[in-house]
Amino acid sequence: MTLTVSAVIATYNRGPELRIALTRLMNQTTPPMEIIVIDDGSSDGTGAMMRAEFPTVRYVRQPHNGGLILARNFGFVNTTGDCILSVDDDSWFEEPDGLARCVAYLEENPQVAAVACNIETRDGLVYFPKGAAPFDVPWYVGCGHLLRRSAVEQVGLYMPELYRQGEEKDRCLRLVGAGYRVVALPEIMVYHDKSEKGRKPGMERFYNHRNDLIREVARCPSPLMAWRLARAWAGNSWKNLRHGPRLTDLKVLLALPQILRIGLKHRAPVSVEAYNRWLHLAKTAAPASAPPPEKMAAEKPVNRAASRPVAAERPSPARSD
């Protein structure tokens, strides 16, 4: 049986970028059976553009900015496909059959709950080695992955309190705990034309630190809790220090009561075995790091010149209404 696909795109004040992402998605050889765009309170004319240019796409405008994670949860519960495709409003498949190949992999591998595409950014970063065989990873990247609905229904929605980031790690840890696999497909490329609109480095550092601690409180087995909380604090503090003097650690310290409250509210620890497996994957096969040597296949010559989106090939954004 062929799996059906629903696509969920959350957007906020990125109308021109969204236009490109939707156009590329709808031009896939096997496009999604439905697409829902959740507008998180845009004020840049996104709504007018959607109504005028994409009448077949379901468009829902939230009354206020509730955050990326709330928007993705809304999209999941308001679609019906066997699989849920998530791309950002500034990302798209590089090859026209990218989505079809993701679906085919899930059809052939019932224990795989999610496939992580290989993300290529405009600053030259490629998350996985091109030419590698599929291999298990600890999490996918939000701007390019495909989920099996039945697996997500088993482990639950994203924690809405995470607000804007870190939700992928928490969900994938739960999937591993439930016996599923998350697999990288290094030859299926998603280009992330990473927009700087709405990106605030200080806020991102705060939520990275805060949300890592929330995840540990919620998912870490009790015997490992003290060590993992200390490790998460030290690791994030070091990252913050590398960016120069910041108030991030102080803000996280002040947020500790909130962190504990949220983590304990959602507490459902995975087994020690599953947690250690996830930690091993995080050290050896996380996005933007090399996969384990035993998982690597011989590099095959791949001609990306014709498929990689360059500036001259991208659709030129038209004027917004």
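These numbers come from a predicted model, not from an experiment.

## Focus: the packing of helix 3 (residues 68-77) against helix 6 (residues 167-177)
Here's step 1: Contact pair helix 3 / helix 6: the axes reach a minimum separation of 11 Å and the direction vectors enclose 50°. Classed by the angle they form, the pair helix 3 and helix 6 counts as oblique. Side by side, helix 3 and helix 6 meet where Leu68, Ile69, Arg72 and Asn73 of the first sit next to Glu167, Glu168 and Arg171 of the second.
Here's step 2: Counted by class, the contact of helix 3 with helix 6 contains two nonpolar, one polar and four charged residues.

## Describing the pattern of salt bridges
Between side chains of opposite charge, pairing is possible as soon as their charged atoms come close.
Here's step 1: Enumeration over the complete set of coordinates arrives at 16 salt bridges.
Here's step 2: Aspartate 88 is the partner of arginine 72 in a salt bridge, and the nearest nitrogen-oxygen pair spans 2.7 Å. A residue pair is termed long-range when its members are at least 10 positions apart, and arginine 72 in helix 3 and aspartate 88 in the loop between strand 4 (83-87) and strand 5 (91-93) qualify at 16 residues.
Here's step 3: The exposure class of arginine 72 is buried, given its relative accessible area of 9%.
Here's step 4: Among the ionic pairs, glutamate 167 bridges to arginine 72, the shortest N-O distance being 2.6 Å. With glutamate 167 in helix 6 and arginine 72 in helix 3, this residue pair connects regions lying 95 residues apart in the sequence. Neither residue differs from the other here; glutamate 167 and arginine 72 are each classed as buried.
Here's step 5: Salt bridges here are not isolated pairs; linked through shared partners, they connect Asp212, Arg215, Glu216 and Arg228.

## A short note on the side chain of aspartate 89
Here's step 1: Note that aspartate 89 resides in the loop between strand 4 and strand 5.
Here's step 2: A distance of 2.8 Å separates the side chain of aspartate 89 from the side chain of threonine 11, its partner in a polar contact.
Here's step 3: Polar contacts involving the side chain of aspartate 89 include one to the side chain of arginine 14, which spans 3.0 Å.
Here's step 4: Other than its neighbours up to four places away in sequence, aspartate 89 contacts Ile9, Ala10, Thr11, Tyr12, Arg14, Glu17, Leu18 and Ala21.

## Quick word on the layout of surface pockets
Here's step 1: In this structure, the second largest pocket occupies an estimated 160 Å³ of space.
Here's step 2: In terms of lining residues, the second largest pocket is bounded by eleven residues, among which Arg101, Pro134, Leu185, Glu187 and Ile188 are the most central.
Here's step 3: Residue assignment for the lining of the second largest pocket shows that the elements contributing at least two residues are helix 4 (98-108) and strand 9 (181-192).
Here's step 4: Sorting elements by how many residues they give to the lining of the second largest pocket places strand 9 first, with four residues.

## Re helix 6
Here's step 1: Among the eleven residues in helix 6, nine count as buried, and that is most of the element.
Here's step 2: Regarding helix 6, the residues found buried are Glu167, Glu168, Asp170, Arg171, Cys172, Leu173, Arg174, Leu175 and Val176.
Here's step 3: Backbone geometry just downstream of helix 6 places glycine 179 in the positive-phi region, at approximately 95°.

## Focus: the environment of cysteine 220
Here's step 1: The topology assignment puts cysteine 220 in the loop between helix 7 (201-219) and helix 8 (225-242).
Here's step 2: Each C-alpha atom, one on cysteine 220 and one on asparagine 276, is 9.8 Å from the other, the two residues being 56 residues apart in sequence.
Here's step 3: If we ignore the near neighbours within four places in the chain, the residues touching cysteine 220 are Arg215, Met225, Arg228, Arg267, Pro269 and Tyr275.

## A few points about a positive patch on the surface
Here's step 1: On the surface, Arg231, Lys239, Arg242 and Lys283 cluster together into a patch of positive charge.
Here's step 2: At three residues, the largest contribution of residues to the positive patch is made by helix 8.
Here's step 3: For arginine 231, a relative accessible area of 46% corresponds to the partly exposed category.

## As for the environment of valine 141
Here's step 1: For valine 141, the position within the fold is in the loop between strand 7 (135-136) and strand 8 (144-148).
Here's step 2: Owing to a relative accessible area of 15%, valine 141 belongs among the buried residues under this scheme.
Here's step 3: Sequence separation of valine 141 and proline 287 is 146 residues, and the distance between their C-alpha atoms is 7.5 Å.
Here's step 4: Apart from residues no more than four positions distant in its own chain, valine 141 is found in contact with Ile119, Tyr127, Glu168 and Pro287.

Parameters and conventions
Every chain's residues receive numbers from 1 upward, in the order its sequence appears when written. Since the coordinates come from a predicted model, pLDDT governs what is reported: local features require at least 70, and pairs of side-chain atoms require 80 or more to be given and counted, while whole-chain, interface and lining totals use all residues. The basis for every side-chain value is the complete set of heavy atoms in the structure, and neither hydrogens nor water enter the calculation. The angle between two axes is taken between their N-to-C directions and runs from 0 to 180 degrees, where each axis is a line fitted to C-alpha atoms and a helix contributes only its stretch in contact. Comment: elements are numbered from the N terminus, with helices defined as DSSP H or I runs of at least four residues and strands as E runs of at least two. We call two directions roughly parallel when the angle between them is under 35 degrees, roughly antiparallel when it is over 145, roughly perpendicular when it lies between 65 and 115, and oblique otherwise. We call two residues in contact whenever any of their non-hydrogen atoms come within 4.5 Å of each other. Throughout this entry, Asp, Glu, Lys and Arg are counted as charged residues, while Ala, Val, Leu, Ile, Met, Phe, Trp, Tyr, Cys and Pro are counted as nonpolar. The remaining residues, Gly among them, count as polar. Salt bridge, as applied in this entry: a Lys or Arg side-chain nitrogen positioned within 4 Å of an Asp or Glu carboxyl oxygen. Burial classes follow relative accessibility: with a 1.4 Å probe on protein chains only, a residue under 20% of its type's maximum area counts as buried, one over 50% as exposed, and anything between as partly exposed. Here a polar contact is taken to be a pair of N or O atoms separated by no more than 3.5 Å, where protein atoms must pair a possible hydrogen donor with a possible acceptor and residues adjacent in sequence count only if both atoms sit in side chains. With a 1 Å grid laid over protein atoms only, a set of points is called a cavity when a 1.4 Å probe fits there but cannot get out and a pocket when it is open yet has protein on both sides within 12 Å along at least five of seven lines; lining residues have an atom within 4 Å of a point. Grid points are joined across faces, edges and corners, and a volume is the space filled by probe spheres set on the points. Each patch is built from residues lacking any salt bridge and having more than 30% relative accessible area; the joining distance is 9 Å for like charges and 5 Å for nonpolar side chains (Val, Leu, Ile, Met, Phe, Trp, Tyr). Values of accessible area rely on a 1.4 Å probe in the Shrake-Rupley scheme; residue burial ignores everything except the protein chains shown. Note that His is not counted, nor are the chain ends; the positive residues are Lys and Arg, and the negative ones are Asp and Glu. For charged residues, the charge sits on one atom: NZ in Lys, CZ in Arg, CG in Asp, CD in Glu.

Any link to function would need more than the numbers given here.
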